Number of protein chains: 2
Amino acid sequence: MADRDHALLRIAVDLAILTVRDADFQVLLIERRNPPHQGLPALPGGFLRDDEDPERAALRELREETSLDASNLILEQLTVRGAPDRDPRGRVVSVPYMAIAPDLPIPTAGSDASAAHWVSMASALRDASLAFDHGHILAEALELARARLEHTTVATAFCHEPFTIGDLRHVYEVVWGTTLDAGNFSRKVTKTEGFIEATGDRRAHGTGRPAATYRRGTARRLHPPIFRNPIEI
Amino acid sequence: MADRDHALLRIAVDLAILTVRDADFQVLLIERRNPPHQGLPALPGGFLRDDEDPERAALRELREETSLDASNLILEQLTVRGAPDRDPRGRVVSVPYMAIAPDLPIPTAGSDASAAHWVSMASALRDASLAFDHGHILAEALELARARLEHTTVATAFCHEPFTIGDLRHVYEVVWGTTLDAGNFSRKVTKTEGFIEATGDRRAHGTGRPAATYRRGTARRLHPPIFRNPIEI
DNA sequence: CCAAAAGTGTTCGACGTACACCCATGC
DNA sequence: GCATGGGTGTACGTCGAACACTTTTGG
């Protein structure tokens, strides 16, 4: 049954933790303390433990790296990476996840990392210097996040509650790299049942008319979607 | 580095191979020749080999199980299943794939299977008697296939070339369990650039006016989508 | 008063839906 | 002729895009 041909291996869980900070779409990267790829930036992650399934391991790593409360989490699995030579330490198959988080404090570096930083998505992808195949994982996370904003209400996961419609629109604009019509966006999200729930409060924002504030609604899917403009193939 | 805590395990690749046959949405199931779950229906699959990545293993298994030419394949990864107790033989993490295939001959049973059959999706899910967690995998494959028809041109992968627009509409109707307006559907797919390409030929179908025949186009995404009706949340 | 952000009103055009109607074949 | 499936014409309603305009705050 256990043919010698059947690879015995370890599973790594890697996390693309995305956030919107400082008018910028950012990802949490660590600097690797140990070989291989010592000193290179990488996605946070770790090995699957004996008593865990991969999703639970991802939640554990996310908590360890960001101290994030798991209750509001959006965690989505990306394509498994298992090229036989992707890790020089031996056979390691990575199960990568995309996590969407509101603006968080910079976490402290853990045991496996000599540093942890929020890095703008553009520069993380441009330099293409990430350890292992993490550049490919990150590119997939970016595209998935952009697509999820079209078809789901997940954009609210980027916002701390309570948030304004302007905050939410800002998420769309930063993640998509576009601008949206404020009025039409406001109508769209308020008229989509379950997207956002009014708190009844308002919030002043320095200048301009105070905005009504909202909490996340219960709907997860967005019908009809909000399409990116222009449409990319 | 290799903490004792880090699980050493095997990876299984499981395939939900979907097709439309006899006006019915069907999946390829094998009957397990060996324990565990001996005699139960299961998705075809096998263990990852030393020199393979998971996608390549899935393609190999697919060829072995169906003799299908890999060039026209639609293969999409589903959620990794890795509950520690999902396989009594030890720690096995499954990377499941959904494959979409045109109506194929019934494959011969392989070494690990005492039989292989096309089974209607409804009965495969209703009985809930599939081995391991394959029932959950299959349910996910069903929902993904339905969603993919909305947003991609993948429905053509269910058809042998050349096919008619009626063949393609039949795929939508069987997979979604709905009926569609033939005229509107025809306009939609012919006006969507790259969905289908006319061959110039026609095909008689017993009775009725002969239909123009088409090949698959090069487009993969469908803008705007074809939504299921009524919209389900 | 002016700038800036929030939110509403309104017009226009694109597109999906429904359904009538014609086309081309087998029986 | 008649049934059957293929395909076009067309009217209607809905919705998104664009943008003018009002509201409400800070300076």
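As shown above, the structure is provided for reference.
Residues numbered from 1 in each chain as written. Chains lettered and ligands numbered in written order. Predicted model: local features only at pLDDT ≥ 70, side-chain atom pairs only at ≥ 80, totals over all residues. Heavy atoms only, no water.

Chemist: Outline the overall build of chain A, listing residues and values.
Modeler: Counting its regular elements, chain A contains five helices and 10 strands. Relative to the 2.2 N^0.38 estimate, which gives 17 Å for 233 residues, the radius of gyration of chain A is 19 Å and therefore close to what a compact globule would have. Each of the 233 residues in chain A was classed as buried or not, and the buried ones make up 50%. For chain A, the proportion of contacts with a sequence separation of at least 24, taken over those separated by at least 6, is 65%. Accessible area of chain A: about 10,900 Å², with a carbon and sulfur share of 48%. Averaging the positions of the 28 positive and the 33 negative side-chain charges in chain A gives two centres separated by 4 Å. (Helix = DSSP H or I, 4+ residues; strand = E, 2+ residues; numbered from the N terminus. Rg over C-alpha atoms; globule rule 2.2 N^0.38 Å. Buried < 20%, exposed > 50% of the residue type's maximum accessible area, 1.4 Å probe, protein only. Contact = heavy atoms within 4.5 Å. Areas by Shrake-Rupley, 256 points an atom, 1.4 Å probe, with all protein chains shown as cover. Lys, Arg positive; Asp, Glu negative; His and termini not counted. Charge placed at Lys NZ, Arg CZ, Asp CG, Glu CD.)

Chemist: Give a detailed account of the relation of the copies chain B and chain A, specifying residues and quantitative values.
Modeler: With an axial shift of 0.0 Å and an RMSD of 0.1 Å, the rotation relating chain B to chain A amounts to 180 degrees. On the angle and the small slide along the axis, the relation comes out as a two-fold axis. Rotation axis and chain B: the residue whose C-alpha lies nearest the axis is leucine 9 of chain B, separated from it by 2.7 Å. Comparing contact sets, 100% of the residues at the interface of chain B also lie at the interface in chain A, consistent with an isologous, same-surface contact. (Least-squares fit on C-alpha atoms with pLDDT ≥ 70 in both.)

Chemist: Outline the side chain of glutamate 150 of chain A, supporting the account with residue identities and numerical values.
Modeler: Topologically, glutamate 150 of chain A is positioned in helix H3 (residues 134–151). Apart from residues lying up to four places away in sequence, glutamate 150 of chain A is in contact with Trp176, Leu222, Pro225, Ile226, Phe227 and Arg228 of chain A.

Chemist: Got a sec to walk through the pattern of salt bridges? Specific residues and values, please.
Modeler: All names here are of chain A. Applying the stated criterion to the full structure yields 26 salt bridges over all chains. The residue arginine 60 makes a salt bridge to glutamate 52 at a minimum N-O spacing of 2.4 Å. Judged by relative accessible area, which is 10%, arginine 60 ranks as buried. Given a relative accessible area of 5%, glutamate 52 falls into the buried group. Notably, a salt bridge pairs arginine 216 with glutamate 161, separated by 3.5 Å at the nearest N-O pair. Of the two residues, arginine 216 is situated in strand S10 (residues 211–216) and glutamate 161 in the loop between H3 and strand S8 (163–164); the sequence distance between them amounts to 55 residues. (Salt bridge = Lys/Arg side-chain N within 4 Å of Asp/Glu carboxyl O.)

Chemist: Tell me about unusual backbone geometry, residues and numbers included.
Modeler: Residue and element names in this part refer to chain A. Cis geometry marks the peptide bond from proline 35 to proline 36; its omega dihedral reads -5 degrees. A cis amide bond links histidine 223 to the next residue, proline 224, at an omega of -10 degrees. Take proline 224: it is sitting in the segment after S10. Although it is not a glycine, aspartate 22 adopts a positive phi angle of roughly 55 degrees. Its location among the elements puts aspartate 22 in the loop between strand S1 (10–21) and strand S2 (24–32).

Chemist: Provide a residue-level description of helix H1 (residues 54–66) of chain B, including the pertinent values.
Modeler: Residues and elements named next belong to chain B. The end-to-end C-alpha distance of H1 is 18 Å, a good match for the 18 Å that 13 residues give at a rise of 1.5 Å each. The set of residues buried in H1 consists of Pro54, Ala57, Ala58, Arg60, Glu61, Leu62, Glu65 and Thr66. Of the residues trailing H1, serine 67 is marked for its positive phi of about 55 degrees. (Expected span 1.5 Å × (residues − 1).)

Chemist: Account for the protein's contact with DNA strand C, naming residues and giving values.
Modeler: Residues in contact with DNA strand C amount to 21 residues; listed here are only the nearest, Arg187 and Ala212 of chain A together with Asn184, Gly206 and Arg209 of chain B. Counting only the atoms of DNA strand C within 4 Å of the protein, the fraction contributed by sugar and phosphate is 53%. One nitrogen or oxygen atom from the main chain of glycine 208 of chain B is found 3.2 Å from a base oxygen belonging to DNA strand C. Separating a base nitrogen of DNA strand C from a backbone N or O atom of arginine 209 of chain B is a distance of 3.2 Å. Only helix H4 (165–176), helix H5 (182–191) and S10 of chain A together with helix H5 (182–191) of chain B provide two or more residues apiece to the surface near DNA strand C. Take the surface near DNA strand C: its biggest share by element is three residues, from H5 of chain B. Partitioning the surface near DNA strand C into residue classes produces five nonpolar, nine polar and seven charged. (Near = heavy atom within 4 Å. Polar contact = N/O pair within 3.5 Å; in protein donor to acceptor, adjacent residues only side chain to side chain. Nonpolar A, V, L, I, M, F, W, Y, C, P; charged D, E, K, R; others polar.)

Chemist: How would you summarise the packing of helix H3 (residues 134–151) of chain B against helix H4 (residues 165–176) of chain B if you had to cite specific residues and measurements?
Modeler: Residues and elements named next belong to chain B. As a packed pair, H3 and H4 sit with axes 10 Å apart at the nearest point and diverge in direction by 140 degrees. Seen along the crossing, H3 lies across H4 with a hand that is left-handed. Residues Arg146, Leu149 and Glu150 of H3 form the contact with H4, whose own contacting residues are Val171, Tyr172, Val175 and Trp176. For the contact of H3 with H4, the residue count by class is five nonpolar, no polar and two charged. (Axes fitted to C-alpha atoms, helices over the stretch in contact; angles between N-to-C directions. Left-handed = near helix turned anticlockwise from the far one by under 90°.)

Chemist: Describe in detail the interface of chain B and chain A, supporting the description with residues and values.
Modeler: Of the residues lining the interface, 36 residues belong to chain B; the matching set on chain A comes to 36 residues. A buried area of about 3,200 Å², summed over both sides, lies between chain B and chain A, and 62% of it is on carbon and sulfur atoms. Taken together, chain B and chain A are joined by zero salt bridges. Between the two partners, chain B and chain A, sit 11 residue pairs in polar contact (both at pLDDT 80 or more). Looking at the side of chain B that touches chain A, the elements with two or more residues in it are strand S1 (10–21) and strand S6 (92–100) of chain B. By residue class, the composition of the side of chain B that touches chain A is 19 nonpolar, six polar and 11 charged. (Buried area = accessible area lost by both parts, 1.4 Å probe.)

Chemist: Tell me about the packing of aromatic side chains, and please be specific about residues and values.
Modeler: Residue and element names in this part refer to chain A. Applying the stated criterion across every chain yields a total of six aromatic pairs over all chains. Taking 6.0 Å as the distance between ring centres and 75 degrees as the angle between the ring planes, the aromatic pair formed by phenylalanine 25 and phenylalanine 158 counts as edge-to-face. Residue phenylalanine 25 is found in strand S2, and its partner phenylalanine 158 is found in the loop between H3 and S8; the two are separated by 133 residues along the sequence. Using a relative accessible area of 5% as the deciding quantity, one classes phenylalanine 25 as buried. (Phe/Tyr/Trp six-rings, centres within 6.5 Å; stacked < 30°, edge-to-face > 60°.)

Chemist: Any chance you could break down the protein's contact with DNA strand D for me, citing the residues and the numbers?
Modeler: Near DNA strand D you find 21 residues, and of these Asn184 and Gly206 of chain A together with Arg187, Gly208 and Arg209 of chain B are the closest. Within the side chain of lysine 188 of chain A, an N or O atom sits 3.1 Å from a phosphate oxygen of DNA strand D. Here arginine 169 of chain B contributes a side-chain N or O atom positioned 3.0 Å from a phosphate oxygen of DNA strand D. Contributing elements (two or more residues each) for the surface near DNA strand D: H5 of chain A together with H4, H5 and strand S10 (211–216) of chain B. Top contributing element to the surface near DNA strand D by residue count: H5 of chain A, with three residues. Partitioning the surface near DNA strand D into residue classes produces five nonpolar, nine polar and seven charged.

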